[in-house]
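Structural description and commentary
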Protein chains: 2
Amino acid sequence: MRKPKRKSKLKIIPLGGLSEIGKNMMALEYENDIMVIDAGLMFPGEEMLGIDLVIPDISYLLENKEKVRGIVITHGHEDHIGALPYLLPQLNVPVYSTRLPHGLISVKLKERKALEGAKLNSVDYGQPISLGRFRVELFPVCHSIPDAAGLIINTPIGTIVHSGDFKLDYTPVHGKPTDLSRLARLGAQGVLLLLSDSTYSELPGYTPSERIVGETLDRVMADAPGRVIVTTFSSLVSRIQQVIDAAAKHNRRVFVVGRSMTDIVKMTLELGYLKAPNGILANIDELKKMPPNRVVLVTTGSQGEPTSALVRIANRDHRHVHIIKGDTVVLSATAVPGNEALINRTVDALFKQGAQVLYDKVAKVHVHGHGSQEELKLLLNLVRPRFFIPVHGEYRHLSLHAQLAESVGIPKSNIFVLEDGDILELGPNGGKVTGKVSSGNVYVDGLSVGDIGSVVLRDRRMLSRDGVVMVVITVNRQTGKLVGRPDIISRGFVEPGETKDMIDKSRDLVAKTLDHSGVRPAEWGYINAKVRDILNKFYYDQTKRRPMILPVMVKV
Amino acid sequence: MRKPKRKSKLKIIPLGGLSEIGKNMMALEYENDIMVIDAGLMFPGEEMLGIDLVIPDISYLLENKEKVRGIVITHGHEDHIGALPYLLPQLNVPVYSTRLPHGLISVKLKERKALEGAKLNSVDYGQPISLGRFRVELFPVCHSIPDAAGLIINTPIGTIVHSGDFKLDYTPVHGKPTDLSRLARLGAQGVLLLLSDSTYSELPGYTPSERIVGETLDRVMADAPGRVIVTTFSSLVSRIQQVIDAAAKHNRRVFVVGRSMTDIVKMTLELGYLKAPNGILANIDELKKMPPNRVVLVTTGSQGEPTSALVRIANRDHRHVHIIKGDTVVLSATAVPGNEALINRTVDALFKQGAQVLYDKVAKVHVHGHGSQEELKLLLNLVRPRFFIPVHGEYRHLSLHAQLAESVGIPKSNIFVLEDGDILELGPNGGKVTGKVSSGNVYVDGLSVGDIGSVVLRDRRMLSRDGVVMVVITVNRQTGKLVGRPDIISRGFVEPGETKDMIDKSRDLVAKTLDHSGVRPAEWGYINAKVRDILNKFYYDQTKRRPMILPVMVKV
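Residues numbered from 1 in each chain as written. Chains lettered and ligands numbered in written order. Predicted model: local features only at pLDDT ≥ 70, side-chain atom pairs only at ≥ 80, totals over all residues. Heavy atoms only, no water.

**Here we look at the interface of chain B and chain A**
- Every contact between the two is made by 64 residues of chain B and, on the other side, 65 residues of chain A.
- When the two sides are added together, the surface that chain B and chain A hide from each other amounts to roughly 5,500 Å², 57% of it contributed by carbon and sulfur.
- Of all residues in chain B, Arg396(B), Glu495(B) and Arg545(B) bury the most surface against chain A, accounting for 11% of the area lost on that side.
- The interface formed by chain B and chain A holds 19 residue pairs in polar contact (both at pLDDT 80 or more) in total.
- Mapped by element, the contributors of at least two residues to the side of chain B that touches chain A are α10 (340–352), α12 (395–407), α13 (454–466), β24 (468–475), β25 (487–491), α15 (524–543) and β26 (548–555) of chain B.
- By residue number, the principal contributor to the side of chain B that touches chain A is α13(B), which donates nine residues.
- Its residues placed into classes, the side of chain B that touches chain A shows 25 nonpolar, 16 polar and 23 charged. (Contact = heavy atoms within 4.5 Å. Buried area = accessible area lost by both parts, 1.4 Å probe. Polar contact = N/O pair within 3.5 Å; in protein donor to acceptor, adjacent residues only side chain to side chain. Helix = DSSP H or I, 4+ residues; strand = E, 2+ residues; numbered from the N terminus. Nonpolar A, V, L, I, M, F, W, Y, C, P; charged D, E, K, R; others polar.)

Written out as structure tokens, the structure is:
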């Protein structure tokens, strides 16, 4: 008698979003089939000097190109779709998403001239998608953008539920609340694995409903003596809807300011995500004619972006809009980590111009789009998975989410806290990490993708601290003797003019070092190091600074 | 009949701390007398590349040297005392403070070799200090360091109250609560002007008592299965006391780890600010012999400082301490703005090592040292000043504090929201800003104070973004003809090796530009600009990056 063939293991491989927040991407692999969930980008951290964007490392997918059946997108935020323009030209597989992300992806690919040939598919919630042995279905979740989805994935070893980015808002402004009933039925039937959003696993309690913000906006529009200027993320369509609704109620007209906000309002009106009563949207030319207490402006700039409409307004640098007495500015957003200083500067400038400013610290003008601890526990309780993997978060978020899962009864041995690149092999009775694929940050800087490495970043870091000193040494090719005096040029090291003496002394020092002997070509490396050492020491003694020193030898 | 001589106006001149948080300093001037309140430093913002510290501009004080009677210090935090080592060598006036700041200032001056000749005076609360026409008295306030004070200043035109940094903790761990009764009596007698701390004017309600943290620490020490590692600011002596108290209660011994923590514990024990039962403090050598559940470690590193004990521990890089199973780490501090990323990385690393980590987002492990809105209103209500100036804060904090003052009945015309450098002239019946003194950031970078200006910072910013390209052009002194091929060296621009082709092409481009004609010395500026333009364009086309381009001409 032959033993029944053992089932293969399912491989779960996070490629982004589990070591740093952002650039979400995950691969599921079963035998000859790979499906990918999301393809996001991350904005660079402070230490990634000069970098424009960060995307996931997809070398594992490229090495297994023939296995990749498609990419399923959970929703249209940059950290879930932003890598597609860089990925699809290398890996042109079908992409599946609901309607709004489909629209946003098309725009994005077009901008990067990568739309042609792309296989984009718009699917409805509940419509089955076949990706080799995977059978996927999207279900509605509530998040800070319409048409957000979680995934139900049928695999040969059991059902997987992926939460996407979600919160439980029973009174959302847009779309359907998270489909808890469907999840409860699945839970009753038996779910092998839950992957769930950990972004706000640090926060106790429940994330408040977006309705809270609606109430604040309503009060502001009613009470503000003059104009109301609301700034938010342009993708936060539900917030823009709330602004329009409150404006309509209080007989104010709405002016959309700034290109990206205008574009998204136009697109979402056309697609039907945004609804505006006739005549409420006004053209900027009409602004001057309107009494201030009948005006609402909607702009971008909630992150203090220097070129945004709000920042230009705050700096009296906007073509059409200046702050006038009686203006109320509402920053309906939270700071993306790293942007705090820019935002604070904008708020300060608005106060200085005489505006009243409402922001998250002083008023209920924003709620975020991710579930807090009680919501995460509720999802775990409904889905009742055998195994659990916290996703979307840094290590502390994942650890805390794992602790929550343990607290609702999932055995510790069935919870896997993974990092990007880990290969988890999962069977019906257990799983373990069996290896690692190439993962990490791929830097986009200007035109190039991935050619920036640690050397460039280390040099930029060094240059940013104490600047650069160039030393030009001219030697006679035959004799190796110094020709003339070494030339020294610095940038970012010392204030020019005030330190001529020191620079002169350092030129003499280099000359003295090289003068007493000729320089043979073979010694160039040695001389280079020696000049660097001598100047390093001299400058450090004089200034306690350590500029990057670059000697160049010119042979004549 | 002669008209009675009109009283002079009092000048109030903020020199630091009213445009950015930190580097607090203010001058009060009446006829021939100037008194100064605090002399603090600020840690550099992200955009101040390579800068070590920022101190206030004291040129106004130096110009009026003969008028300056002394400096009164409210408490021993860096943002109130840190500029003294740079200031006293230029302006050696008496400094007055209570005992703990006196000790901290002495240590600081000694480190910078500025102690000799300094006129430091330790004064008690209530002890009168005469500074020309000013008569000053310190009164106790509750803050996150012992011996904190507010000021009562008698001037020829009335009484001024300065809150210092304060909160209202009725059950402080250390020292006396803020002396509300004294302030109420003063208020009844009539106060001309209140200057009050605006740092937390954004926060509604009351700042919780430090007792809350004591309760958390108590619970942690009772329940933790293994060692407890507490990290906090070394100046937060009351927190260290709470750790010792909780450890004593739960039969744990306390190990102080890290030099700055050890130094401050030693000093505060000697001065009597810290009390430790006999035998509770243990030497690090004893650590190995102790069962984990009898151990508490106290360290610095709450800001994720790369060289701190906690960060070394998190990175398995500490000589004596490694994370072991069962460890609980308590970060008993909040992030100083800008440090969030470093702190998050440390928390992540600790979780990865298997520690349980408690920090401000997930547990009540810290309360801050400044009053929230209700406390600020209470102070305004007790002191009942005729005039009000919000101090210590950025513009939004000051604006919100001004709104609070208005809400408790101070007329808007009697509230002055100032910025650094403003000269407010105040009389018994009103005040107005009549001018501006030189103010702003003085940068300390390495040895030098104040010689870093906007040129150096702009260059560092540019270098940090896309690096630097040096172009060495050798020409014949007589003919002006190019000798050899131009040399190009780059750092922080493109990854070396992979881009040799592009660099080669750019060398040819420079050669072609210069080749067809000789370069006359007079044209050097023109050629320099031309080489920069050509390379700028070429590199931007190739890479969409804009490195700093530095042409150097060598004449032979």
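Once you've had a look at it, read on.
**Observations concerning the sheet that holds strand β23 (residues 448–449) of chain A**
Residues and elements named next belong to chain A.
- Ordered by their spatial adjacency, three strands build an open sheet running β4-β22-β23, and the pairing between neighbours is antiparallel. In this open sheet, the two strands that pair with only one neighbour each are β4 (53–56) and β23.
- With two bridges joining them, strand β22 (residues 441–445) and β23 adopt antiparallel strand pairing. From the neighbouring strand, valine 444 faces β23, where its bridge partner is valine 449. (Pairing = 2+ DSSP bridges.)

**Describing the relation of the copies chain B and chain A**
- Between chain B and chain A, the superposition needs a rotation of 180 degrees and an axial shift of 0.0 Å, giving an RMSD of 0.0 Å. In symmetry terms, the pair is related by a two-fold rotation axis. Considering only C-alpha atoms, the part of chain B nearest the rotation axis is Ser464(B), at 2.3 Å.
- Taken as a fraction of all interface residues of chain B, those also at the interface in chain A reach 100%, which identifies the copy contact as same-surface. (Least-squares fit on C-alpha atoms with pLDDT ≥ 70 in both.)

**Considering the pairing of strand β13 (residues 228–231) of chain B**
Residues and elements named next belong to chain B.
- By the alternation rule, side chains of β13 split into Val228 and Val230 and Ile229 and Thr231, which are all buried.
- Bridging between β13 and strand β16 (residues 295–299) involves four bridges; their strand directions are parallel. Looking across to β16, one finds that threonine 231 is bridged to threonine 299.
- As defined by bridge partners, β13 adjoins strand β17 (residues 328–331) across four bridges and the pair is classed as parallel. Bridge pairing links threonine 231 to leucine 331 in β17. (Buried < 20%, exposed > 50% of the residue type's maximum accessible area, 1.4 Å probe, protein only.)

**What about helix α12 (residues 395–407) of chain A?**
- Between its terminal C-alpha atoms α12(A) stretches 18 Å, which fits the 18 Å expected from 13 residues at 1.5 Å a residue.
- The buried fraction of α12(A) is high, at ten of 13 residues.
- Residues of α12(A) that are buried: Tyr395(A), Arg396(A), His397(A), Leu398(A), Ser399(A), Leu400(A), His401(A), Ala402(A), Leu404(A) and Ala405(A).
- On the buried face of α12(A), the contacting elements are β12 (191–197), α11 (373–383) and β19 (385–391) of chain A together with α10 of chain B.
- Phi turns positive, to about 110 degrees, at Gly409(A), one or two residues after α12(A). (Expected span 1.5 Å × (residues − 1).)

**Thoughts on a negative patch on the surface**
- Taken together, Glu46(A), Glu47(A), Glu46(B) and Glu47(B) make up a surface patch of like negative charges.
- Within the fold, Glu46(B) resides in the loop between β3 (33–37) and β4 (53–56). (Patch = residues over 30% accessible without salt bridge, like charges linked within 9 Å, V, L, I, M, F, W, Y side chains within 5 Å. Areas by Shrake-Rupley, 256 points an atom, 1.4 Å probe, with all protein chains shown as cover. Salt bridge = Lys/Arg side-chain N within 4 Å of Asp/Glu carboxyl O. Lys, Arg positive; Asp, Glu negative; His and termini not counted. Charge placed at Lys NZ, Arg CZ, Asp CG, Glu CD.)

**A short note on helix α4 (residues 99–111) of chain B**
All names here are of chain B.
- Compared with the 18 Å implied by 1.5 Å per residue over 13 residues, the 19 Å span of α4 between its first and last C-alpha is a close match.
- Buried within α4 are the following residues: Leu100, Pro101, Gly103, Leu104, Ile105, Ser106, Lys108 and Leu109.
- Residues of α4 that are buried in the fold lie against α2 (78–81), α3 (84–87), β6 (95–97), β7 (120–122) and α8 (259–271).
- Trailing α4 by a residue or two, lysine 113 shows a phi angle of about 55 degrees, which is positive.

**Observations regarding the nonpolar core**
- Judged by nonpolar contacts, the single largest core of 64 residues is most densely connected at Leu61(A), Ile71(A), Leu84(A), Leu88(A) and Val296(A).
- Looking at this core, the element that brings in the most residues is helix α7 (residues 237–249) of chain A, giving six residues.
- Among all residues touching Leu61(A), those that are not within four sequence positions of it are Leu15(A), Met25(A), Ala27(A), Ile34(A), Val36(A), Val68(A) and Leu91(A).
- Ranked by size, the runner-up nonpolar core spans 63 residues in total, among them Leu15(B), Leu91(B), Ile244(B) and Val265(B). (Core = buried A, V, L, I, M, F, W, Y, C linked by side-chain atoms within 4.5 Å.)

**Section: the pattern of salt bridges**
- This model, assessed by the stated rule, comprises 58 salt bridges over all chains.
- For Glu286(A), the salt bridge goes to Arg253(A), with nearest N and O atoms at 2.9 Å. Of the two residues, Glu286(A) sits in the loop between β15 (281–282) and β16 (295–299) while Arg253(A) sits in strand β14 (residues 253–257), which places them 33 residues apart along the sequence.
- Exposure remark for Glu286(A): the relative accessible area of 24% places this residue in the partly exposed category.
- By relative accessible area, which is 18% here, Arg253(A) ends up buried.
- In this structure, the salt-bridge partner of Arg396(B) is Glu202(B), at a minimum N-O distance of 3.2 Å. Taken as a pair, Arg396(B) in helix α12 and Glu202(B) in the loop between β12 (191–197) and α6 (211–223) lie far apart in primary sequence, 194 residues in all.
- Take Glu202(B): its relative accessible area is 4%, and that puts it in the buried class.
- Several salt bridges share partner residues, and in doing so they unite Glu202(A), Glu394(A), Arg396(A), Asp348(B) and Lys361(B) into one network.

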